[in-house]
Amino acid sequence: MAQPAAKNLSAPDAGNTDAGNADVLIPAAADLRQAIADWRTWLRDEKRGSPHTLLAYQHDLQQFLTFLSAHQGKAASLSDLSTLAAADFRAWLAARARDGLERSSTARALSSLRGFFRWLTKNGLAENAALTTLRTPKVARSVPKALTAAEAGEVVDAVAELSDGDWSGKRDCAVLLLLYGCGLRIGEALALTRGEAPKPGQEALLVTGKGNKQRMVPLLPVVTAAIADYLTACPYRGDAKAPLFLGQRGGPLGARRVQEKMRALRGLLGLPESATPHALRHSFATHLLAGGGDLRAIQELLGHASLSTTQRYTEVDVAGLLEVYDRAHPRARTRR
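Residue positions within a chain follow its written sequence, with the count starting from 1. Residues qualify for local features only when their pLDDT is at least 70, as the model is predicted, and side-chain atom pairs are given and counted only at 80 or more; totals for whole chains, interfaces and linings, by contrast, use all residues. Each side-chain value is worked out from all heavy atoms of the structure, with water and hydrogens disregarded.

Help me out: how do you make sense of the overall build of the protein chain in this one?
The way it works is that DSSP assigns letters per residue, a run of H or I at least four long becomes a helix, a run of E at least two long becomes a strand, and they are numbered from the N terminus. Helix and strand counts for the protein chain come out as 14 helices and two strands. The buried share of the protein chain, reckoned over its 336 residues, is 41%. Considering only residue pairs separated by 6 or more positions, the protein chain has 63% of its internal contacts joining residues 24 or more positions apart. Accessible areas in this description were obtained via Shrake-Rupley with a 1.4 Å probe; residue shielding takes into account the shown protein chains only. Counting only carbon and sulfur atoms, one obtains 53% of the accessible surface of the protein chain, whose full area is about 18,000 Å². Think of it in three bands: with a 1.4 Å probe and only protein chains considered, a residue is buried below 20% of the maximum accessible area for its type, exposed above 50%, and partly exposed in between. Here, two residues are considered to be in contact whenever any of their heavy atoms come within 4.5 Å of each other.

Printed below as a string of structure tokens:
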């Protein structure tokens, strides 16, 4: 049976990251729509999920319920979710495969669905053990693509050339140094307030990461100096709770602006498409590892919950060493 056209749940109002009353657009009965609204509130207030995460979960659930309404011929209710069989969930996975969706996208959608069902069970609203029998699609594990130390240095040095003014160039330099010099995620850097800006001589920065978890990261003097230089030049003032990094009109600097700068830098410096703001964080970890850094310590610096996530960087380092070996070692030809 063909699926009905789904309304875009993720963007009912471009200025509302919580999507307001978007649950009314979901093909679901009233009790299920209310449960979804309560789940969204829980994700936002209790789990401290970012707006991006909330919209991703919301979109995954919308897609599943849109499929289910066509699959069953009616809008699903909480009781319907409890009676779904493993075959129903497999039919949804098969439909995604027929639509050509990537395995990585389906793996995330399945994770979102499992999270929603766990919340339903915990709150006594619905329970379905069939979902636990599904295997997560195997996804090829990607190796982070780091810049070389020279390329990372060029990015930081050249970003000011692309700025609209002297103070914004200093701002962009400070942001990129936080990514490469401290290993911050772009969202973590842009979430810093003026009160959290490092002071001269400060040796560590308290960072709030995913899941509202906090960690301390060492501060290089060059990072502290760049932030101080930006604050001195910035024409806008604010109290301790004001955003540290501001846009041209004085509002909070958005991640998209930083991504646009990196896109322009790729063209200016001849860097590959993989040279993104997040690649600077990868470069931070990779270069630390290559310099003899301890894997556990790097895990703490990055704010990774699992060591297996950090271990991907060992693959980057080994790949780099093999490339050097193949290019420079006189015995390398015997391996080909």
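Which parts of the structure should I look at to understand helix α7 (residues 166–182)?
Since one α-helical turn is 3.6 residues long, residues separated by three or four positions face the same way. Taking 1.5 Å of rise per residue, 17 residues should cover 24 Å, and α7 covers 24 Å from first to last C-alpha, within 8% of that figure. When you tally the buried positions in α7, you get 14 out of 17 residues, the bulk of the element. Immediately beyond the C-terminal end of α7, within one or two residues, lies Gly-183, with a positive phi of roughly 75 degrees. Expected helix span is taken as 1.5 Å per residue step, with the number of steps being one fewer than the number of residues.

Which parts of the structure should I look at to understand the packing of helix α1 (residues 30–45) against helix α2 (residues 51–72)?
At a minimum axis distance of 11 Å, the contact between α1 and α2 shows a crossing angle of 160 degrees. It follows that α1 is roughly antiparallel to α2 by the angle criterion. As α1 packs across α2, the resulting crossing turns out to be right-handed. Residue-level inspection shows Leu-32, Ile-36, Trp-39, Arg-40, Leu-43 and Arg-44 of α1 in contact with α2, the latter providing Leu-54, Tyr-57, Gln-58, Leu-61 and Leu-65. Of the residues belonging to the contact of α1 with α2, the class tally is eight nonpolar, one polar and two charged. Here the axes come from fitting lines to C-alpha atoms, over the contacting stretch only for helices, and the angles between their N-to-C directions go from 0 to 180 degrees. Each angle is binned into one of four classes, with values under 35 degrees roughly parallel, values over 145 roughly antiparallel, values of 65 to 115 roughly perpendicular, and all other values oblique. Note on convention: near helix rotated counterclockwise from far helix by under a right angle means a left-handed crossing. Clockwise means right-handed. Gly counts as polar in this scheme, as do all residues outside two lists: the nonpolar Ala, Val, Leu, Ile, Met, Phe, Trp, Tyr, Cys and Pro, and the charged Asp, Glu, Lys and Arg.

Any chance you could explain the side chain of Thr-66 here in plain terms?
By the element assignment, Thr-66 lies in helix α2. A relative accessible area of 5% means that Thr-66 is categorised as buried. Reaching out from Thr-66, the side chain makes a polar contact with the backbone oxygen of Gln-62 at a distance of 2.8 Å. Definition of a polar contact: a pair of N or O atoms within 3.5 Å, with one able to donate and the other able to accept a hydrogen when the atoms are protein atoms, and with sequence-neighbouring residues admitted only if both atoms are side-chain atoms.

What should I look at first to understand the packing of aromatic side chains in this one?
What characterises a pair of aromatic rings is the spacing of the ring centres plus the angle enclosed by the ring planes. Aromatic rings from Phe, Tyr and Trp, taking only the six-membered ring of Trp, are treated as a pair when their centres fall within 6.5 Å; an angle between ring planes under 30 degrees marks them as stacked, one over 60 as edge-to-face, and anything in between as tilted. For the coordinates displayed, the defined rule picks out ten aromatic pairs. The interplanar angle of 10 degrees and the centroid separation of 6.5 Å between the aromatic rings of Phe-116 and Trp-119 together place this pair among those described as stacked. With Phe-116 and Trp-119 both in helix α5 (residues 103–122), this residue pair falls three residues apart, about one helical turn. Judged by its relative accessible area of 8%, Trp-119 falls in the buried class. Cation over ring: Arg-171 sits above Trp-167, and NZ or CZ is 5.5 Å from the ring centre. Charge-over-ring placement is defined geometrically: NZ (Lys) or CZ (Arg) within 6 Å of the ring centre, and within 35 degrees of the ring normal.

I would appreciate a short explanation of a positive patch on the surface in the present structure.
Grouping into patches uses exposed residues only, defined as over 30% relative accessible area, and leaves out salt-bridged ones; the cut-off is 9 Å for like charges and 5 Å for nonpolar side chains (Val, Leu, Ile, Met, Phe, Trp, Tyr). Take a side-chain nitrogen of Lys or Arg and a carboxyl oxygen of Asp or Glu: if they are within 4 Å of each other, that pair is a salt bridge. For this count, His and the chain ends are skipped, Lys and Arg are scored as positive, and Asp and Glu as negative. Where a charge sits is defined by one atom per residue type, namely NZ (Lys), CZ (Arg), CG (Asp) or CD (Glu). On the surface, Lys-47, Arg-118, Lys-122 and Lys-213 cluster together to form a positively charged patch. Residue position: Lys-47 is located in the loop between α1 and α2. You can call Lys-47 partly exposed: its relative accessible area is 46%.

By themselves, these observations are geometric and do not establish any function.
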